[in-house]
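Summary of structural features
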Amino acid sequence: MGLGQSRLEDLVAAVRILVTGNMGYVGPVVVEHLRAARPDAELYGLDTGFFAQCLTGTDLLPERRLDCQWFGDVRHPPAGALDGVDGVAHLAGISNDPIGNTYETPTLEINHRATVELARAAKAAGARSFVFASSCSIYGLAEDGLRTEDSETAPLTAYAKSKLLAERDVAELADERFAVTSLRFATACGMSDRLRLDLVLNDFVAGAHAFREITILSDGTPWRPLIHVRDMARAIDWALDRTADNGGAYLAVNAGSDEWNYQIRQLADAVAAIVPDVNVSVREDAAPDSRSYKVSFARFRELAPDHQPQVGLPEAIEDLSAGLGRMGFHDPDFRNSELVRLRVLENLRAEGLVNEALEWSRADEPVARV
Ligand SMILES: NC(=O)c1ccc[n+]([C@@H]2O[C@H](COP(=O)([O-])OP(=O)(O)OC[C@H]3O[C@@H](n4cnc5c(N)ncnc54)[C@H](O)[C@@H]3O)[C@@H](O)[C@H]2O)c1
């Protein structure tokens, strides 16, 4: 309840939160969580809609939980989108390495520059908190012990670099009245109204269902911290209310839990223990995976004791299995399907709907408020 209490007009106006990128994988889960946790808040969404059509087993358009949906590009946000906003949960962005490698310039423009400009605009509009969805991938190869927020960063990809640059520059904007939080999320997993299968645990569960096989494209030893999407929502909920006296005006914090540092092989075995008749195959001869890192979540534990991850790995797998069941999922070619973000963008490109800058081709992109 921290937001919105210090200004007189807030006594009558509801707290307004803008969730950017709300029409992706994490967004619908965040909106559902915020709607339940803050029934009186005004929840707004802003998204360009690349994956709007990629609904997965839901009978409700997730945006119906919002008070307002803006369609627009965060590189030039619709006029008025930040008016009266108290807090911003900024999820909009290019969300993985394969897209970042293919579209390096737009990745930097969207994830870095647009993030900084959006934070600047939010501050100018009177917002009191800005939450940036960053990533633990900024640590790069880091097998020698747990990475803390004070560890050196070594981003290996355009995606990871764009997140680190954004962190550096949004930090400059933070002050006593504008708390900025970079949540360095572990790799997401779990069911969503817009499920992605280009994430390791989701891929394993889908493989188990589609062809009773989990193929590990490494020797299985790399470490990867994971977080469930519902626990990401809990962390964002906390960060929206965070003030400078809890962690400083600017805070970069790893968001996840120490117990969720898993080796890839452990993840595959956990899926095989739950989904029946599944074979796990490991490429013993595979090149070492450079994305191996273990992360310490001690700072997050200390600062956000009431918003710690709650979902367990077996629950996450069972929930995903049930979700795939609701979707009637059995596509053995799912890695080339619309459940993979890069594939969706390539299809939009092939149809001439989106250009190489990852903008909608129509000059008059609809900037609409619904
Ligand atoms: N999924 C993960 O494992 C993970 C981990 C760490 C951080 N994150 C970050 O969390 C955020 C959400 O991830 P996700 O998994 O939901 O990704 P996603 O790709 O499913 O969703 C991203 C959303 O952003 C929107 N978007 C992209 N460019 C935009 C633009 N220029 N203007 C407006 N909207 C735009 C897309 O349309 C999409 O709805 C991303 O910033 C991602 O980098 C995700």
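Now for a description of the structure that goes with this document. Quick caveat: nothing in here was measured; it's all calculated off a predicted structure. (Residues numbered from 1 in each chain as written. Predicted model: local features only at pLDDT ≥ 70, side-chain atom pairs only at ≥ 80, totals over all residues. Heavy atoms only, no water.)

We now examine the pattern of salt bridges. Summed over the entire model, instances satisfying the criterion amount to 23 salt bridges. Each of the salt bridges in this network shares a partner with another, and the network as a whole consists of Glu32, Arg65 and Asp193. (Salt bridge = Lys/Arg side-chain N within 4 Å of Asp/Glu carboxyl O.)

In this section: the nonpolar core. Counting 76 residues, the largest nonpolar core has Leu183 and Leu201 as its most contacted members. When sequence neighbours within four positions are dropped, the list of residues in contact with leucine 201 reads Cys189, Leu226, Leu267, Val271, Leu313, Ala316, Ile317 and Leu320. By size, the runner-up hydrophobic cluster in this structure holds 39 residues, among which are Phe51, Ile94, Leu173 and Leu345. (Core = buried A, V, L, I, M, F, W, Y, C linked by side-chain atoms within 4.5 Å. Buried < 20%, exposed > 50% of the residue type's maximum accessible area, 1.4 Å probe, protein only. Contact = heavy atoms within 4.5 Å.)

Right, let's talk about the sheet that holds strand E12 (residues 261-263) for a bit. Read from one edge of the open sheet, three strands run E8-E10-E12, paired in mixed fashion. Two strands bound the open sheet, and with one partner strand each, they are strand E8 (187-189) and E12. Strand-to-strand, the axes of this sheet are offset by a mean angle of 50°, without reference to chain direction. With three bridges joining them, E8 and strand E10 (residues 223-228) adopt parallel strand pairing. When the sheet's bridge partners are listed, cysteine 189 is paired in E10 with histidine 228. (Pairing = 2+ DSSP bridges. Helix = DSSP H or I, 4+ residues; strand = E, 2+ residues; numbered from the N terminus. Axes fitted to C-alpha atoms, helices over the stretch in contact; angles between N-to-C directions.)

Our next topic: helix H3 (residues 104-124). In a regular helix each residue adds 1.5 Å, so 21 residues correspond to 30 Å; H3 covers 29 Å between its end C-alpha atoms and thus fits that length. The largest bend in H3 is about 35°, located at alanine 114. For H3, the set of buried residues is Pro106, Thr107, Ile110, Asn111, His112, Ala114, Thr115, Val116, Leu118, Ala119 and Ala122. Structurally, H3 contributes buried residues whose contacts are with strand E1 (16-20), strand E4 (87-90), helix H2 (97-102), strand E5 (129-135) and helix H4 (158-171). (Expected span 1.5 Å × (residues − 1). Bend = angle between axes of the 7 residues up to and from the residue.)

Only one face of strand E9 (residues 213-216) is buried, namely the one carrying Ile214 and Ile216, since none of Glu213 and Thr215 on the opposite face is buried. Pairing between E9 and strand E13 (residues 279-282): four bridges, direction parallel. Note that in E13 the partner of glutamate 213 across the bridge is asparagine 279.

Taken together, 32 residues sit near the ligand, with Asp47, Ser95, Tyr159, Ala188 and Arg196 positioned nearest. The separation between an oxygen atom of the ligand and a polar main-chain atom of glycine 93 is 3.4 Å. Contact with the protein chains removes 98% of the 820 Å² of surface that the ligand exposes when unbound. Mapped by element, the contributors of at least two residues to the shell around the ligand are E5, H4 and E8. It is E5 that provides the largest number of residues to the shell around the ligand, a total of three residues. Of the residues that constitute the shell around the ligand, the class distribution is 16 nonpolar, ten polar and six charged. (Near = heavy atom within 4 Å. Polar contact = N/O pair within 3.5 Å; in protein donor to acceptor, adjacent residues only side chain to side chain. Areas by Shrake-Rupley, 256 points an atom, 1.4 Å probe, with all protein chains shown as cover. Nonpolar A, V, L, I, M, F, W, Y, C, P; charged D, E, K, R; others polar.)

Between its first and last C-alpha, helix H6 (residues 229-241) extends 19 Å over 13 residues, near the 18 Å set by a 1.5 Å rise per residue. Of all the positions in H6, only Val229, Asp231, Met232, Ala233, Arg234, Ala235, Ile236, Asp237, Trp238, Ala239 and Leu240 are classed as buried.

This next bit is on the pairing of strand E2 (residues 42-47). Burial analysis of E2 places five of its six residues in the buried class, which makes it a mostly covered element. In the sheet, E1 pairs with E2 via five bridges, with the strands oriented parallel. Looking at the pairing, threonine 20 lines up with leucine 46 of E2. With respect to chirality, the unit in which E1 leads through helix H1 (residues 27-37) into the neighbouring parallel E2 is right-handed. The pairing of E2 with strand E3 (residues 68-71) spans four bridges and is classified as parallel. Of the residues in E3, the one forming a bridge with glycine 45 is glutamine 69. (Right-handed = clockwise from strand over helix to strand, strands pointing away.)

Turning to the packing of aromatic side chains, a few remarks are in order. Counted according to the given criterion, the structure contains six aromatic pairs. Between lysine 294 and the ring centre of tryptophan 223, over which it is positioned, the NZ or CZ distance is 4.0 Å. Between the NZ or CZ atom of arginine 341 and the centre of the ring of phenylalanine 51, over which it lies, the distance is 4.3 Å. (Phe/Tyr/Trp six-rings, centres within 6.5 Å; stacked < 30°, edge-to-face > 60°. Lys NZ or Arg CZ within 6 Å of the ring centre and 35° of its normal.)

Another point: the packing of helix H5 (residues 200-211) against helix H7 (residues 264-274). The contact between H5 and H7 brings their axes to 10 Å, and the two run at 40°. By crossing handedness, the relation of H5 to H7 is classed as right-handed. Only Ile264, Leu267, Ala268 and Val271 of H7 make contact with H5, whose side of the interface consists of Val200, Leu201, Phe204, Val205 and Ala208. Looking at the contact of H5 with H7 residue by residue, the class counts come to nine nonpolar, no polar and no charged. (Left-handed = near helix turned anticlockwise from the far one by under 90°.)

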